[in-house]
Amino acid sequence: MINYSFSIYDLEYFLLILTRVSCFVFIAPFFSMRNTPRNVRIVLSFFTSILLYQTLTPAPIVEYSTVLEYAIIIIKEAVSGLLLGFGATACSSIVNFAGSVADMEIGLSMVNLMDPATRQNSSITGVLYQYALMMMLVATGMYRYLFGALADSFTLIPVNGAVFNGESLANSVVRFLTEYVIIGFRIVLPVFCVMILLNAILGILAKVAPQMNMFAVGMQLKVLVGLSVIFFITSMLPSAADLIFTEMRELIVAFVEGMR
């Protein structure tokens with residue numbers, strides 16, 4: 001007969017680990033998608049917490065005096081998990097920005113679809129890029145890095161050891177916003193340049209042949225040329241994903257340093 005017993009201190013420590021892991025899983029890329037069932041996320045969080053608990057044993061005693069202090073410790077662990085997951089999710093939203101700019105230039109800005117990651121309406125090209133990025137995240141094994149970073153966070157930031165440095169976290173967010181715009185425009189730059197050239201050509205034709213309805217012709221040409229450019233630059237998506245994954249690693253590291 002198997003007799004597996006544990007103390008109340010072990011249970012408290014495990015619940016704190018489960019809080020950080022579950023908050024991370026429910027906001028991290030791919031796992032936070034609507035297509036991922038909640039039961040899968042719950043089971044994944046539970047068993048990941050068990051593995052981490054076995055790795056981090058012997059469990060230290062969490063010191064607190066009142067229930068309110070324990071609740072504050074739970075909130076600290078939840079915020080730590082949310083920040084780590086947010087660092088990855090925010091980087092995956094770069095492709096939505098790039099897709100919105102591309103559709104605005106092409107003329108498809110009125111076409112909206114449900115973004116699987118943010119659960120908000122997004123442009124059709126942004127959703128296409130989002131699905132491509134999620135596919136590459138799974139195909140390249142980037143999800144293993146995310147869980148590895150989560151496991152390492154318990155070594156760098158022990159349970160009840162998070163000290164939030166507001167200035168460091170704010171600087172990380174400001175730096176990310178700069179990279180957010182730069183990477184987004186690098187992804188959409190071919191479409192942007194082709195649309196500028198097409199607008200210049202249509203402007204010249206409007207002066208040379210004023211009898212032609214350039215408005216009607218231009219809308220059709222923009223859609224045709226824009227979709228053609230998006231098709232031909234599909235081979236650039238792995239390089240764009242590499243830029244996003246690199247930024248994802250740097251932002252997660254910056255958030256971890258801001259909580260030490």
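Residues numbered from 1 in each chain as written. Predicted model: local features only at pLDDT ≥ 70, side-chain atom pairs only at ≥ 80, totals over all residues. Heavy atoms only, no water.

**Q** Could you clarify how one ought to interpret the overall build of the protein chain in this entry?
**A** Across its full length, the protein chain holds nine helices and two strands. Listed by position from the N terminus, the elements making up the protein chain come as α-α-α-α-β-β-α-α-α-α-α. Taken over C-alpha atoms, the radius of gyration comes to 24 Å for the protein chain, far larger than the 18 Å a tight globule of 260 residues would show. Its C-alpha atoms give the protein chain principal-axis dimensions of about 90 × 45 × 30 Å. (Helix = DSSP H or I, 4+ residues; strand = E, 2+ residues; numbered from the N terminus. Rg over C-alpha atoms; globule rule 2.2 N^0.38 Å.)

**Q** What am I meant to see in empty space enclosed by the protein here?
**A** Gaps left between atoms show up when a probe the size of a water molecule is rolled over them. The tally for this structure, following the rule as stated, stands at two cavities of 30 Å³ or more. Considered as a void within the structure, the largest cavity measures approximately 70 Å³ in volume. In terms of lining residues, the largest cavity is bounded by Val 95, Tyr 129, Ala 132, Leu 133, Met 136, Ile 187, Leu 237, Ala 240, Ala 241 and Ile 244. Taken together, the residues of the lining of the largest cavity sort by class into 10 nonpolar, no polar and no charged. Taken as a whole, the second largest cavity encloses approximately 40 Å³ of empty space. What lines the second largest cavity is simply Tyr 129, Ile 187, Ile 233, Met 236, Leu 237 and Ala 240. (1 Å grid on protein atoms, 1.4 Å probe; cavity = no way out; pocket = protein on both sides within 12 Å on 5 of 7 lines; lining within 4 Å. Points joined across faces, edges and corners; volume = space filled by probe spheres on them. Nonpolar A, V, L, I, M, F, W, Y, C, P; charged D, E, K, R; others polar.)

**Q** Explain the nonpolar core to me, please; I cannot follow it from the model alone.
**A** Generally speaking, soluble globular proteins have nonpolar side chains that are buried together. Counting residues in hydrophobic clusters, the biggest one holds 66 residues, and the most contacted among them are Ile 17, Ile 187, Val 191, Ile 244, Met 248 and Ile 252. For Ile 17, the contacting residues outside a window of four places in its chain are Ser 49, Leu 52, Tyr 53, Leu 56, Phe 154 and Val 159. (Core = buried A, V, L, I, M, F, W, Y, C linked by side-chain atoms within 4.5 Å. Buried < 20%, exposed > 50% of the residue type's maximum accessible area, 1.4 Å probe, protein only. Contact = heavy atoms within 4.5 Å.)

**Q** What exactly am I supposed to notice about the packing of aromatic side chains here?
**A** For any pair of aromatic rings, the description rests on two quantities: the centre-to-centre distance and the angle between the ring planes. One pass over the full model with this rule turns up 12 aromatic pairs. Chaining the aromatic ring pairs together yields one cluster made of Tyr 13, Phe 14, Phe 46, Phe 47 and Tyr 53. Its guanidinium or amino end placed over the ring of Phe 154, Arg 20 lies 4.2 Å from that ring's centre, counting from NZ or CZ. Across the ring face of Tyr 145, the terminal group of Arg 249 is positioned such that the distance to the ring centre comes to 5.3 Å. (Phe/Tyr/Trp six-rings, centres within 6.5 Å; stacked < 30°, edge-to-face > 60°. Lys NZ or Arg CZ within 6 Å of the ring centre and 35° of its normal.)

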